[in-house]
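# Structural description and commentary
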Amino acid sequence: MEANIESRFRGVGLDVVGWFTGSGGPSVTEAFRRIVHIDAEPVERIPRRAADAARRVDEAWRNHARRGDVLSDDRSFLVAVGMDYGWLRVRMTDDADMTALVDLQGELLLIARSLSGHRVCAASAEGDEPDSRSGLP
């Protein structure tokens with residue numbers, strides 16, 4: 001199963017560095033609760049039906065992740081794989097398409113955090129609009 005997960009992230013253009021085994025920073029569950037809840041305010045909204053929505057969401061996520069110090073100097077970060085699997089360390093590439101990380105229902109939910117755990121950034125589809133969110137864990 002872990003090979004399939006790693007393959008999924010390679011398939012969207014990310015370099016997979018390895019599984020995060022550290023204990024610092026929030027767990028996937030903690031990050032999920034802080035970022036994806038009713039009171040969380042998106043820092044940007046992009047209409048799902050816009051002709052260039054995927055490009056705009058990908059660009060917005062990259063900009064927020066970069067400005068929010070989610071990406072390290074070598075552009076690596078942790079991406080949530082799921083509540084049961086935890087964090088996977090990946091490295092951003094120029095070819096990565098973050099909007100390709102959709103679930104089985106075709107919905108986007110991407111939660112990433114800095115290696116230190118001090119920053120979290122997410123992109124999600126809510127109703128008719130994908131959002132880009134960022135914040136502290």
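Residues numbered from 1 in each chain as written. Predicted model: local features only at pLDDT ≥ 70, side-chain atom pairs only at ≥ 80, totals over all residues. Heavy atoms only, no water.

### Structural notes on the overall build of the protein
Of the regular secondary structure elements, the protein holds three helices and seven strands. Start at the N end of the protein and walk to the C end: the helices and strands fall as α-β-α-β-α-β-β-β-β-β. Sequence separation of at least 24 residues holds for 63% of the intrachain contacts in the protein that already meet a minimum separation of 6. (Helix = DSSP H or I, 4+ residues; strand = E, 2+ residues; numbered from the N terminus. Contact = heavy atoms within 4.5 Å.)

### As for empty space enclosed by the protein
Taken as a whole and assessed by the stated rule, the structure comprises one cavity of 30 Å³ or more. Reported here for the largest cavity is a volume of approximately 30 Å³. Lining the largest cavity, in full, are Arg-62, Arg-66, Leu-71, Arg-75 and Met-92. Here the lining of the largest cavity is built from residues that sort into two nonpolar, no polar and three charged. (1 Å grid on protein atoms, 1.4 Å probe; cavity = no way out; pocket = protein on both sides within 12 Å on 5 of 7 lines; lining within 4 Å. Points joined across faces, edges and corners; volume = space filled by probe spheres on them. Nonpolar A, V, L, I, M, F, W, Y, C, P; charged D, E, K, R; others polar.)

### Remarks on the confidence of the model for the protein
Averaged over all residues, the pLDDT of the protein equals 84, while 90% of them reach at least 70. Counting interchain partners and residues more than four positions distant, the pLDDT-below-50 stretch residues 128-137 has 55 contacts. (pLDDT = per-residue confidence, 0-100.)

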